[in-house]
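Inside the fold
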Amino acid sequence: MSTLELLPAVDVRDGQAVRLVHGESGSETSYGSPLEAALAWQRSGAEWLHLVDLDAAFGTGDNRELISEVAGAMDIKVELSGGIRDDASLAAALATGCTRVNLGTAALETPEWVAKVIAEHGDKIAVGLDVRGTTLRGRGWTRDGGDLYETLERLNSEGCARYVVTDIAKDGTLQGPNLELLRNVCAATDRPVVASGGVSSLDDLRAISELVPLGVEGAIVGKALYAKAFTLEEALAAVASS
Ligand SMILES: O=C(O)c1ccccc1NCC(=O)[C@H](O)[C@H](O)COP(=O)(O)O
């Protein structure tokens, strides 16, 4: 069985590495320099970095130069997310040298553009399915954007390579991942799924690892690492032996 990939998260707001609760603007806890955080995860053995420009996601500006600096400093693969909604922001994201980008709002608001860039860029494009219940949320998770399973069916038919699935109710809460949601999404697609939101313990990571045969490829871990619930080295060892 393949090993679950781990993607430690660096979410950037106003130049700082932060974690939010339920993705809500204003709920930030700050964890200092994004570059230092990213380099620390790399030193600890990460193969991936999940890098988010929260200001771009919320429409409160952007951290484009800093994001580019962080991505450029990495020897590991980078997944870039936040505010990538048109040709200019996609070009800027890809120019960082990142391995892939996550589109969120655009998949809900400009589906024709998303179909076009999926056709052009293949597996450099993932779509973030950020849900409350089964309702998708866009614009920094502040606006409803349609039904999860209808959107998934459309994206499957357009050739979307991969989904990053977040239960907003769990995100940043250390309450454990929504395993049922992950199972349901895996049942509705044959594309790989990256789980995001709520990981609180090594047991959570072991539980997500059990979904690898169903199609879960990776897990994003944010708050638990910053809160020192476990180290990244411990997490990598836990998934390697699952
Ligand atoms: O990814 C986005 O575009 C985004 C937009 C608005 C609010 C939050 C957003 N992302 C948050 C993340 O990707 C978190 O890093 C990730 O879900 C980790 O969650 P957790 O392990 O619960 O801290």
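As the structure is a prediction and not an experimental result, all values here were calculated from the model.

Things to note about the pairing of strand S6 (residues 100-103)
Burial along S6 is two-sided: Arg100 and Asn102 and Val101 and Leu103, pointing in opposite directions, are all buried. Where strand S5 (residues 77-81) lies against S6, 3 bridges are found, and the strand directions are parallel. The residue of S6 that forms the bridge with Leu80 is Val101. A crossover connection joins S5 to the parallel S6 through helix H4 (residues 87-95); in handedness this β-α-β unit is right-handed. Bridging between S6 and strand S7 (residues 125-132) involves 3 bridges; their strand directions are parallel. Bridge pairing in S7 places Val101 opposite Ile125.

Overview of the site of the ligand
In the neighbourhood of the ligand, 21 residues make up the surrounding shell, with Arg19, His50, Asp171, Gly172 and Ser196 lying closest. A distance of 2.7 Å separates an oxygen atom of the ligand from a polar atom in the side chain of Arg19. Note that an oxygen atom of the ligand is positioned 2.8 Å from one of the backbone N or O atoms of Gly198. The set of elements that each furnish at least two residues to the shell around the ligand consists of strand S1 (5-13), strand S4 (48-53), helix H2 (54-58) and strand S12 (216-221).

Thoughts on the nonpolar core
Counting 63 residues, the largest nonpolar core has Val10, Leu49 and Leu51 as the members making the most contacts within it. Leaving out residues up to four positions away in the same chain, Leu49 has contacts with Pro8, Val10, Ala38, Trp41, Val70, Met74, Ile76, Lys77, Val78 and Glu79. Membership of the second largest hydrophobic core comes to 7 residues, among which are Ala9, Trp48, Ala126 and Val194.

The rules behind the values
- Residues numbered from 1 in each chain as written.
- Predicted model: local features only at pLDDT ≥ 70, side-chain atom pairs only at ≥ 80, totals over all residues.
- Heavy atoms only, no water.
- Buried < 20%, exposed > 50% of the residue type's maximum accessible area, 1.4 Å probe, protein only.
- Helix = DSSP H or I, 4+ residues; strand = E, 2+ residues; numbered from the N terminus.
- Pairing = 2+ DSSP bridges.
- Right-handed = clockwise from strand over helix to strand, strands pointing away.
- Near = heavy atom within 4 Å.
- Polar contact = N/O pair within 3.5 Å; in protein donor to acceptor, adjacent residues only side chain to side chain.
- Core = buried A, V, L, I, M, F, W, Y, C linked by side-chain atoms within 4.5 Å.
- Contact = heavy atoms within 4.5 Å.

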